[in-house]
Amino acid sequence: ILLDDLQWIDPASLTFCRALFQSTKSNKNVFLVLCSRESEVQTQDKSEVHDWLQSLSGSTLETIHLTNLNPEDVNNLVSDSLRTWPRLTRSLSAILHGKSLGNPFFLRQTMEMLCRGGYLHYSLGERKWKWDLDEISDLRLDDNVVSLLTREMTKLPDELLVGLKAASCIGYCIPQTVVDILSKHLEMDLFGVLTSLVQRSYLAGVGSALYRFTHDRIYQAAYELMSEKQRREDHMKFGLAICSYVLDNCENNYDMMFVGVNQINRGGPEVLADSCRRVMISQLNLNAGKRALLLTDFSSALSFFGHGIMFLNPGHWDAHYQLSLDLFTSAAESACATSDAALVKSYSETILAHSRSLDDRLPALCFAVKSLKESMNLPSCRDCAIEVLTQLGEDVSSVLEIPSQETIQITNNLLMSKMTDDSMIKMSPCTQMRAVFVMRLYHELNYVYYVFDQTRLLAISLRMVSLTFEIGLTDTSSLAFANYGVELIARGYLIGSRLGTVALKLAENSKYISYVIAAVKQYNLWVIEPLHAIAESHLVGFYSGKRVGDEFSSSLNFCLHLSTSFHCGKNLIQIKNSLSEYIVQLLENSQQWFLPQSAMLYWLIVELIEGPNFDLTEHNPLILNENGVMLFAASARHLELDIFIDGCKLMRSFLFRRDMTSCDGVLDRVVNATCQLRFTTITAVFFEGLISFAMARQTAENNEWIIKGEIALSYMKRWESTKWNFENKIKLLEAEKMHCLGYFDLASKLYVDAVESSKRHKFFHELAMCLELQGLFFQGRNMAEEALTSLRRSVRCYRNWGADAVAERVELYIRHHFGH
C-alpha cells in the first residue's frame, strides 16, 4: 500500500491512516510505503502529521531520506534521456544541475521547456540531440519549479488557460459530473479542453469519470495563475452552480453537495453580499455538516458548521433563531467529538447567551460537561453536571447517598424475577427529552466519581437503572446497565454479567458502544469470557469509538487492549512498540488519565526485555518515568490505579526475584474493598500469592507468609468457575502451597496440572513461570534431569514471550546450579 503526498493529508484521513497502520503493522503480508516532503510536514499546521511520522521512525518503520540528485546522477539521467554518451552530456548536465539543484521534477520540466523553446533539439541530419551551451547558460530560468510551470502555462491558448484555472479551483481531482456542470456554467466544451490538457501532460484521465493533475506542483502552479480575489470569486461561482444543480436534480447526491459547499466556503462570505443567499448557504452548510456527522467525519462536520455560522447575517439570532441554534449546537457537538475544548466553550457560551429556554440550552450544557470531563477538568465537570441536574429537578445529594443492601436486593430481585433479557431490550423508548439529558448527565457524573470517589458509583448507576424502568429506554440506558453490572460484580453478584450482556446488545450501533465495550469487557465479562477474547473486544471498542467520534472511550479501549494483551502473554516487543506510539498520542491529546498506567506498563515491559539494571532515563525520555507515575498516583489517590501500579511492581519483583519483601501488597486493599474489579486486579493478587509462597520457603517466618499466600489463593478461588482465565493460576498457587507444606506428591501433580492448563488456555508467559517453579521443585527433590528439562523449557517460553532478561536470569541459574 503506497500513501503518497502525506503533507497534504486532512485530519480525517490522518485518523484513517493511524487506524490502518495500527491494524496492519503486525501483518507480515502488508507492506506500507508512506511518502511526504519533510520540509512541508514540519510546518505548524502539519505538526500532527510530523509528530506521527516521528513516532513511527526507528521502531516500526524504516526511514529513507531522499535527497536531490547529485551532478553525477543528473548526468546519468540526461544521458539516458538524450541517448547520448555521458561524457558528451556532462557540460549540459552541470548547467541543468545548477539551475534545478538536482530536483528530479524541476529537472524534467526544465528539459521539456528547453525542448519547446528550441534550445534543446533533435537533428534529423546528424541523428542526435544538439544544444548550445552558451545560450542555455545565459537563459534566465525561474528559481523554483512552480514559477517555471506558471510561466509556461501563461503561454497556453486562452480557452485552455480558463479550463486549467477552473480545474485547479475544483481541486487535485475533477469528477466528470463537475465537468458537465461547469461546461454549462462557463458555456464552453470543458470536456474537450481537459482532454487537450491531458495531451499536454498537465492532467491525466482516470477511467471515464475523473481527471486529475499529473503532479501536485502542476496543480499548485495552475492555482497560482489567479489572484486571491479571482480564486475566491471563482470558488463562489462554481460552488453555487454545483449546489444549484444538486438541489434541482439530485438532492441525495451528497458527494456533489460536499464539493459544492466546499467551493462556496473557499470563496467565503466576503464575496457574497446577498443576505438571502447567505442564509441559504448557512442552511446548506448545516445539511452538509449533519451528513458528515452521520459519516463520522467530525473534522469536516465542524468545518461545515463553522462556515455556516460565518455566513449568517448580522442579527441572525432574532431573524433566524432556529437555524442559528441548530448551527451552534451542532458545532459544539462536533467540537466535543474532536476534543476541542476551547471551541466547545465558545459555542456553548454563545448558545447560553441567546437561547430562549432551558430545553434549547440542554444539548450545549451536556456538551460542555462532556468536554470538561475529556479535558480532565473534573471538579468543574462535577459542579456543572450537578447544577444542570438540579435545574432538571434531580435531588442529586439524595441520589449520591450509598444505597442500602435492601435497596440493592429489591432491584436485583426485580431484574431476576420479572425482567428477562428480551424484555429489557424491548422496553418502550423514552419520549421525555429532559429525562434523556438527565441520564446523559448522570453518565458524565459517573466518570467523575470513578476518579474521585468510587463509593458513589453504585448509587449513580442504580439511579440510572431506576430511571430507565420509569421512563423507558434512552440512548444511555446501555450505560446504566453496564455500570450497574460492574458494581454488582465487584460485590459478588454474578447477575452483573447478565446485565453486561444486555448492555452490549442495547449499545449496538449507538454512539456509546465504545464506552460500553470498555466497561463491560474489562470490569464485567472477564468472569465468563476468555481473556484473549476480551483483548480483541477492546480493539473493536477502539475502532468503534473512532467511528462514532468518542475519542475518550476509543483511547480507553486501546489502553485496555494493550494491558489485557500483556496479561494474555502476547509478544512484548509488539506491545512495547504499540505502547510507545500510544503514549505519544496521549501526550499530544493531553489525555493525562491513561498516561500513568500506560507508562508503568511500558517501563515494566522494557525491564522484562532489557533487564532491571537498564538505564530507563535514556531509553525514551518522552515517556513518564516511574517516579512521575508514582507522583501522579499519589495526587490522584485512585485505588484502582494504585493497585495496577503495585501489581506491576509485584510482577517485576517475582520475575526477577528481587525486592520481594519490599513491595506494597494489594491483598488488604482488594479483599476488604468494593472497588471495581478488573482482571489486572486479580493478577496482582496472583503475584502476591506467588511471592508469599516463595518467601515462605526462604525465610524463618514461613507461617506468616503461608497464611498470606493462602489468603491470595482463597481470593483467587472466588473466580474458579472461569476456568479459562484462572484455572492455571489457581493450580500453580495450590502447587506452591503444597510445596511449602511438604505434600510433595500432591504438589508434583498440581505443577503438571498448572503446566497443562497454561498450555491449554494459551497463557504461554505463565507457562514459563509454571515450568520454572516446577523445575525448582524438582531440583529440591533431587530430580536433576527433570529439573533441567523444565528450566530449559521455561527459558524457551520466556524468550518466545519476549522477556529476554528473565530468560537470561533463568539461564544464569542453570549454569550456576547445573554447570550447563
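Everything in this summary refers to the structure shown in the same document. Just so we're clear, the structure is a prediction, and the values are computed from it rather than from any experiment.

**A look at the overall build of the chain**
When you go through the chain residue by residue, the secondary structure sums to 44 helices and 7 strands. Viewed in the frame of its principal axes, the chain has a C-alpha envelope of about 105 × 75 × 40 Å. In the chain, 68% of the contacts between residues at least 6 apart in sequence involve partners at least 24 apart. The average position of the 78 basic charges and that of the 94 acidic charges among the side chains of the chain differ by 4 Å.

**With respect to the packing of helix α30 (residues 531–548) against helix α31 (residues 551–568)**
Running from N to C, α30 and α31 point in directions that differ by 160 degrees, and their axes come no closer than 8 Å. With respect to each other, α30 and α31 are oriented roughly antiparallel. Judged by the sense of rotation from one axis to the other, the crossing of α30 with α31 is left-handed. Here α30 contributes Leu-531, His-532, Ile-534, Ala-535, Glu-536, His-538, Leu-539, Gly-541, Phe-542, Gly-545 and Lys-546 to the contact with α31, which in turn contributes Glu-551, Ser-554, Asn-557, Phe-558, Leu-560, His-561, Thr-564, Ser-565, His-567 and Cys-568. Its residues placed into classes, the contact of α30 with α31 shows 8 nonpolar, 10 polar and 3 charged.

**Thoughts on the environment of Ile-170**
Relative to the helices and strands, Ile-170 is located in helix α9 (residues 158–170). Once the C-alpha coordinates of Ile-170 and Asp-359 are considered, the two residues, 189 residues apart in sequence, prove to be 41 Å apart.

**Comments concerning the side chain of Ser-758**
Here Ser-758 shows up in helix α41 (residues 744–760). For Ser-758, a relative accessible area of 0% puts it in the buried group. Ser-758 has contacts with Asn-728, Phe-763, Glu-766, Leu-767 and Cys-770, leaving out every residue within four places of it along the chain.

**Some thoughts on the packing of aromatic side chains**
All chains considered together, the criterion is met by 27 aromatic pairs. Between Trp-317 and Phe-328 the ring centres are 5.3 Å apart and the planes differ by 35 degrees, which places this aromatic pair in the tilted class. Residue Trp-317 is found in helix α17 (residues 316–319), and its partner Phe-328 is found in helix α18 (residues 321–337); the two are separated by 11 residues along the sequence. Taking relative accessible area as the criterion, Phe-328 reaches 6% and is therefore assigned buried. Here the aromatic cluster, defined as three or more aromatic residues joined through ring pairs, consists of Tyr-447, Tyr-450, Tyr-523, Phe-552 and Phe-594.

**Some thoughts on helix α43 (residues 784–801)**
Between its first and last C-alpha atoms α43 spans 26 Å; for 18 residues at 1.5 Å apiece the expected length is 26 Å, and the two agree. Buried within α43 are the following residues: Ala-787, Leu-788, Ser-790, Leu-791, Ser-794, Val-795, Cys-797, Tyr-798 and Trp-801. Looking one or two residues beyond α43, the residue adopting positive phi is Gly-802, at roughly 110 degrees.

**Regarding the sheet that holds strand β7 (residues 210–213)**
Read from one edge of the open sheet, 3 strands run β5-β7-β6, paired in antiparallel fashion. Sheet topology places β5 (173–175) and β6 (203–206) at the edges, where each strand pairs with a single neighbour. Adjacent strand axes in the sheet meet at a mean angle of 25 degrees, parallel and antiparallel pairs treated alike. By the bridge criterion, 3 bridges tie β5 to β7 in an arrangement that is antiparallel. Across the sheet, residue Ile-174 finds its bridge partner in β7, namely Tyr-211. Running over the sheet, helix α11 (residues 190–199) touches β6 and β7 and is turned about 110 degrees from β6.

**A word on the pattern of salt bridges**
Counted by the stated rule, this structure contains 35 salt bridges. The shortest N-O distance in the salt bridge between Glu-470 and Arg-463 comes to 3.8 Å. Of the residues examined, Glu-470 reaches a relative accessible area of 56% and is grouped as exposed. As a salt-bridge pair, Glu-607 and Arg-652 come within 2.8 Å of each other at their nearest N and O atoms.

**Notes on α41**
Compared with an ideal rise of 1.5 Å per residue, which puts 17 residues at 24 Å, α41 spans 24 Å between its outermost C-alpha atoms and is within 8% of the ideal. Restricting attention to buried positions, one finds in α41 the residues Ala-747, Leu-750, Tyr-751, Ala-754, Val-755, Ser-757 and Ser-758. Each buried residue of α41 lies within a common arc of 165 degrees when the element is viewed along its axis, so the set occupies one face. Those residues of α41 that are exposed and aimed more than 90 degrees away from the buried face are Asp-745 and Lys-749. Check the buried side of α41 and you find it contacts α40 (723–741), α42 (764–780) and α43.

**Some words on the pairing of strand β3 (residues 120–123)**
Bridge count between β3 and strand β4 (residues 128–131): 4 bridges; the pairing is antiparallel. Paired with His-121 across the two strands is Lys-130, which belongs to β4. The hairpin formed by β3 and β4 contains 4 residues between the paired strands, and Arg-127 there has a positive phi angle of roughly 55 degrees.

**A closer look at the nonpolar core**
Ranked by internal contacts, the top residues of the largest apolar core, which has 170 residues, are Tyr-442, Phe-566, Leu-608, Leu-655, Tyr-798 and Trp-801. With sequence-adjacent residues up to four places away left out, Tyr-442 is seen in contact with Leu-389, Glu-394, Val-396, Val-399, Ile-460, Arg-463, Met-464 and Leu-467. One finds Leu-161, Met-226, Leu-284 and Ile-309 within the second-largest nonpolar core, a separate group that totals 76 residues.

**A look at a nonpolar patch on the surface**
Where nonpolar side chains cluster on the molecular surface, the patch consists of Val-671, Ile-707 and Ile-711 and spans about 240 Å² of accessible area. As for its position among the elements, Val-671 is in helix α37 (residues 667–672).

**Comments concerning the environment of Val-606**
With respect to the element layout, Val-606 can be found in helix α33 (residues 595–610). Distance in space between the C-alpha atoms of Val-606 and Ala-331 is 43 Å, their sequence separation being 275 residues.

**Digging into unusual backbone geometry**
Positive phi is not limited to glycine here, since Lys-762 has a value of about 65 degrees. Within the secondary structure layout, Lys-762 lies in the loop between α41 and α42. Judged by relative accessible area, which is 43%, Lys-762 ranks as partly exposed. A positive phi angle, close to 60 degrees, is found at Asn-782, a residue other than glycine. Tracing the backbone through its elements, the reader meets Asn-782 in the loop between α42 and α43. With relative accessibility at 72%, the residue Asn-782 sits in the exposed group.

**Description of the pairing of β7**
Only one face of β7 is buried, namely the one carrying Tyr-211 and Phe-213, since none of Leu-210 and Arg-212 on the opposite face is buried. Pairing analysis gives 4 bridges linking β6 to β7, with the strands arranged antiparallel. Within β7, the position partnered with Leu-203 by the bridge is Phe-213.

**What to know about the environment of Trp-317**
Given a relative accessible area of 8%, Trp-317 falls into the buried group. Each C-alpha atom, one on Trp-317 and one on Leu-732, is 70 Å from the other, the two residues being 415 residues apart in sequence.

**Things to note about the packing of helix α29 (residues 513–523) against α31**
α31 packs onto α29 with a crossing angle of 30 degrees between their chain directions and a minimal axis gap of 8 Å. In terms of orientation, α29 and α31 fall into the roughly parallel class. In the packing of α29 onto α31, the handedness of the crossing is left-handed. Between α29, through Ser-514, Tyr-515, Ile-517, Ala-518 and Gln-522, and α31, the contact on the second element is made entirely by Ser-553, Ser-554, Leu-556, Asn-557, Leu-560 and Thr-564.

**Quick notes on the state of the cysteines**
Enumeration according to the criterion identifies 0 disulfides in this entry. The thiol sulfur of Cys-276 is not disulfide-bonded, and the nearest other cysteine sulfur, from Cys-243, lies at 17 Å. Cys-381 supplies the cysteine sulfur nearest to Cys-384, a cysteine that is in no disulfide, at a spacing of 7.5 Å.

Criteria and thresholds
- Residues numbered from 1 in each chain as written.
- Predicted model: local features only at pLDDT ≥ 70, side-chain atom pairs only at ≥ 80, totals over all residues.
- Heavy atoms only, no water.
- Helix = DSSP H or I, 4+ residues; strand = E, 2+ residues; numbered from the N terminus.
- Contact = heavy atoms within 4.5 Å.
- Lys, Arg positive; Asp, Glu negative; His and termini not counted.
- Charge placed at Lys NZ, Arg CZ, Asp CG, Glu CD.
- Axes fitted to C-alpha atoms, helices over the stretch in contact; angles between N-to-C directions.
- Parallel < 35°, antiparallel > 145°, perpendicular 65-115°, else oblique.
- Left-handed = near helix turned anticlockwise from the far one by under 90°.
- Nonpolar A, V, L, I, M, F, W, Y, C, P; charged D, E, K, R; others polar.
- Buried < 20%, exposed > 50% of the residue type's maximum accessible area, 1.4 Å probe, protein only.
- Phe/Tyr/Trp six-rings, centres within 6.5 Å; stacked < 30°, edge-to-face > 60°.
- Expected span 1.5 Å × (residues − 1).
- Pairing = 2+ DSSP bridges.
- Salt bridge = Lys/Arg side-chain N within 4 Å of Asp/Glu carboxyl O.
- Arc of directions from axis to C-beta.
- Core = buried A, V, L, I, M, F, W, Y, C linked by side-chain atoms within 4.5 Å.
- Patch = residues over 30% accessible without salt bridge, like charges linked within 9 Å, V, L, I, M, F, W, Y side chains within 5 Å.
- Areas by Shrake-Rupley, 256 points an atom, 1.4 Å probe, with all protein chains shown as cover.
- Disulfide = S-S within 2.5 Å.

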